[in-house]
Amino acid sequence: MAEGLDHSENAKTKNGLLLQMAAVESEIAQTQAVLLKQQEERRRLRSQLNSLSPINQLPAEIKTEIFYRTLGPLTSSELAGEEEEGGEGETPLFLGKICQSFRYFVWSTPILWTTIRLWLTKARYVAQTDLLRDWLPRTANYPISFSLDTIEGLQSWIRYPPVEILTLLASVSLQWKEVRLLFPHTAYQCFDANPGVEKSLPLLTAANAYLTIERQLDLSMAPQLSVLHLNNFSRADVLAPWHQLRELSTDTCTLDEIRIILLKAPQIIRCTFKGINPDMSNNPLDIGVLVLEHLEYLKLDFYPIHSPASWILQQVKFPSLREVSLTGRFGSMREKFLLQIVKPFCSSKLLEIFTFYNTKKLNNRVLTQILENIPSVKDLSLEIWEDSSGDEFFSEELLQRLYSLHADILLPNLQHFTYRGSTSLTEHMHLFRDVLVYRFRQRDLQLVEVDSEQRTVSQIQSVDVMSFSHFVISPDIQEELDTLRRDGLELSITHYT
């Protein structure tokens, strides 16, 4: 009987505990429901509070412009392939994480999805493909700009190119506006493999293409194309609307190709030729006198010159040219070629900025002749990494030509001067001081005859000289240089440590 009573009491106790637990769980459920309701009310109140913030009071057009600038449109340097990994700007996904109102706005504004920066990596290629597949529909029918690059390097993708990524991009080719495409031949294969993709680029205005195999790049179906950057270039492999280009850059080309391109591109404004191979064909085309009416910027970067060459632009005139950058290894055996390059600039009356990088020994006589051909220049930068011995920059003759009070004065319009390289400045510091004093203080006291016209020499505003050599400056000269600095001349004379 005792055992029966024990079991009965245990059952009653157990039932009582279960009832109590059920009551507690019911209270917990009610409390949770109240808490959820309060959390929802808090979100509603917070949303209302956020809606009162200044940015949410702005008209949608202004808010869109702010967000678009925050994300950062594709820059010219990105398009030219000059950006480091990561590029500029954030993504719409970043803005969407800030708050609910931002997320709603970003998700419903197609233009915020129209800039795509994609650094391919094999470790995340599948995820990147899925992201792009979800991303592209958000652009609606807006023009898109994209920069496609790789973290591992281009060579690691040559054998197995990103076909899935390129196929997705090819599917929206009618929306392409600005593109940097590393695998144009594979992209064309994607066009060919998809009959539903129209082979037309009606909105394309700027393109950067890396040619990896011998296949013709056809951009003739881009009626608005005006900016073209080509890597691993061969003119025979490129079909482009040359006549309408305003900006062009190549990383490899020959003198013959430069000549033909400029002949076909009369509207060009900015032109960059890197890795120029001076070797020419046995029967170069005689283009006669060519006037490039619109060209304002010209950059020329030469390979080491192994054989004598003849510059093909001797008969070209640049009436609108404003800036020139020249890079090469012009040693003593190539001085004649260098002077051929510079000579046409003498008639460019608007030329204001001239930059010259030379890694070979070059004497002051040639440098003087170069400066004679750019009399209108206001901003001059020279880097000449010649041997530490021999004829170095800032010779007595050169400094005298910068200080002369007669018709053969060099660079009468010079306002900003930068020099990097070997110098003999210590030996001629007194002449250097005289040049600075004259050009900063006394340039308006005497008239100088230049091109048969009487005019004053421009006031120098900044001078920056850096050399491997230590400079020895006497106390009296140092005092006068310090006075020039106090009076407003930006002057720096330093050496590399």
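Everything numeric in this text was worked out from a predicted model, so none of it was measured.

**A few points about the confidence of the model for the protein**
Now for step 1: Taken over all residues, the pLDDT of the protein has a mean of 81, while the share at 70 or more is 81%.
Now for step 2: Below a pLDDT of 50 lies the segment residues 447–452, which in the model reaches 17 contacts outside its immediate sequence neighbourhood of four places, other chains included.

**With respect to helix α15 (residues 475–486)**
Now for step 1: For α15, with twelve residues, the first-to-last C-alpha span of 16 Å sits near the 16 Å given by 1.5 Å per residue.
Now for step 2: Along α15, the positions that sit buried rather than exposed are Ile477, Leu481 and Leu484. Within α15, the buried residues cover an arc of 55° as seen down the axis, which keeps them to one side. In α15, the exposed positions that point more than 90 degrees away from the buried face belong to Pro475, Glu479 and Arg486.
Now for step 3: The secondary structure elements touched by the buried residues of α15 are α14 (429–442) and β21 (490–495).

**Focus: the pairing of strand β3 (residues 176–181)**
Now for step 1: Inspection of the sheet shows strand β2 (residues 144–150) paired to β3 by four bridges, in the parallel sense. Pairing of serine 147 across the sheet is with arginine 180, part of β3.
Now for step 2: The sheet contact formed by β3 and strand β4 (residues 206–210) spans four bridges and is parallel. Residue pairing in the sheet places valine 179 in a bridge with alanine 207 of β4.

**Here's the deal with helix α6 (residues 125–135)**
Now for step 1: Buried within α6 are the following residues: Tyr125, Gln128, Thr129, Leu132 and Trp135. Taken end-on, α6 shows its buried residues confined to a sector of 125°, consistent with a single buried face. With respect to the buried face of α6, the exposed residues turned more than 90 degrees away are Val126 and Asp134.
Now for step 2: Buried residues along α6 sit against α4 (92–96), β1 (115–120), α7 (155–158) and α8 (163–170).

**Regarding the packing of aromatic side chains**
We describe a pair of aromatic rings using the distance from one ring centre to the other and the angle between the two ring planes.
Now for step 1: Tallying each qualifying case throughout the model produces eleven aromatic pairs.
Now for step 2: Summarising the aromatic geometry, the rings of phenylalanine 318 and phenylalanine 345 are spaced 5.9 Å apart at their centres and angled 55° between planes, so their arrangement reads as tilted. Of this pair, phenylalanine 318 sits in the loop between β13 (316–317) and β14 (323–328) while phenylalanine 345 sits in the loop between α11 (335–342) and β15 (353–358); the two residues are 27 residues apart in sequence, bridging distant segments of the chain.
Now for step 3: Assessed through its relative accessible area of 2%, phenylalanine 318 is described here as buried.

**Here we look at the side chain of threonine 355**
Now for step 1: When you line up the elements, threonine 355 lands in strand β15.
Now for step 2: Taking the relative accessible area as the measure of exposure, threonine 355 reaches 12% and is therefore buried.
Now for step 3: Aside from chain neighbours lying at most four places away, what touches threonine 355 is Val324, Ser325, Leu326 and Ser381.

**A word on the pattern of salt bridges**
Now for step 1: Under the counting rule described, the total for this entry stands at twelve salt bridges.
Now for step 2: Aspartate 149 is paired through a salt bridge with arginine 180; the nearest N and O atoms lie 2.5 Å apart. Here the residue aspartate 149 occupies a position in strand β2, and arginine 180 occupies one in strand β3, the gap between them amounting to 31 residues. One exposure class covers both aspartate 149 and arginine 180, and it is buried.
Now for step 3: Where arginine 433 meets glutamate 480, a salt bridge forms, and the shortest distance between an N and an O atom there is 4.0 Å. With arginine 433 in helix α14 and glutamate 480 in helix α15, the pair connects residues that are 47 residues apart, well separated along the chain.
Now for step 4: Arginine 433 sits in the buried class, given a relative accessible area of 17%.
Now for step 5: A residue is classified by how much of its surface remains accessible, and glutamate 480, at 32% relative accessible area, is partly exposed.
Now for step 6: Via salt bridges that share partners, Glu372, Arg401 and Asp408 belong to a single interconnected network.

Reading guide: rules and limits
Residues numbered from 1 in each chain as written. Predicted model: local features only at pLDDT ≥ 70, side-chain atom pairs only at ≥ 80, totals over all residues. Heavy atoms only, no water. pLDDT = per-residue confidence, 0-100. Contact = heavy atoms within 4.5 Å. Helix = DSSP H or I, 4+ residues; strand = E, 2+ residues; numbered from the N terminus. Expected span 1.5 Å × (residues − 1). Buried < 20%, exposed > 50% of the residue type's maximum accessible area, 1.4 Å probe, protein only. Arc of directions from axis to C-beta. Pairing = 2+ DSSP bridges. Phe/Tyr/Trp six-rings, centres within 6.5 Å; stacked < 30°, edge-to-face > 60°. Salt bridge = Lys/Arg side-chain N within 4 Å of Asp/Glu carboxyl O.

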